[in-house]
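Listed below, chain by chain, are the residues.
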Amino acid sequence: MVVGLSFLEGLVIYLNMVVHPDSQPALTIVIVILFAIASGLSVWYRTRVLGMTYS
């Protein structure tokens, strides 16, 4: 899951740099923060709500 999210984040940042080169680095910072929040919420949901454990 973490590898998939990291790959997706890298792909989104790359596409963002190609499509909007004038808006850097502000959009990249926003993308990184949003992916960090999404990752944290997904791990919280899987561990607390579903009761899954990671080893």
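A brief look at the structure comes next. Along each chain, residue indices are assigned from 1 in the same order as the chain's sequence is written. The model is predicted, so local features are restricted to residues of pLDDT at least 70 and side-chain atom pairs to those at 80 or more, both for listing and for counting; the totals for chains, interfaces and linings are taken over all residues. The side-chain numbers reported here are obtained from all heavy atoms of the structure, hydrogens and water having been left aside.

Helix and strand counts for the protein chain come out as two helices and zero strands. Among the 55 residues that make up the protein chain, the fraction classed as buried is 11%. Split by element, the accessible area of the protein chain, about 4400 Å² in all, is 74% carbon and sulfur. Note on conventions: DSSP H or I runs of at least 4 residues are helices, E runs of at least 2 residues are strands, and numbering of each starts at the N terminus. A simple rule labels every residue: compare its accessible area, found with a 1.4 Å probe on the protein chains alone, to the largest value its type can have, and call it buried under 20%, exposed over 50%, or partly exposed in between. For the accessible areas, the method is Shrake-Rupley and the probe is 1.4 Å, while residue cover comes only from the protein chains on display.

Like-charged residues within 9 Å of one another, or nonpolar side chains (Val, Leu, Ile, Met, Phe, Trp, Tyr) within 5 Å, are grouped into patches, provided each residue has over 30% relative accessible area and no salt bridge. Within this document, salt bridges are pairs made up of a side-chain nitrogen of Lys or Arg and a carboxyl oxygen of Asp or Glu, the two lying within 4 Å of each other. A cluster of nonpolar side chains, I29, I33, I37, L41, W44, Y45, V49 and L50, forms an exposed patch at the surface whose accessible area comes to about 810 Å². Inspection of the secondary structure assignment puts V49 in helix α2 (residues 26–49). In this structure V49 comes out as partly exposed when scored by relative accessible area, which is 46%.

What follows deals with α2. Multiplying 1.5 Å by the helix residue count minus one yields the expected span of that helix. Across its 24 residues, α2 extends 34 Å between first and last C-alpha, which sits within 8% of the 34 Å expected from 1.5 Å per residue. Among all positions of α2, only T28, I31 and F35 are buried. Once α2 finishes, G51 follows within two positions and takes phi at roughly 80 degrees, a positive value.

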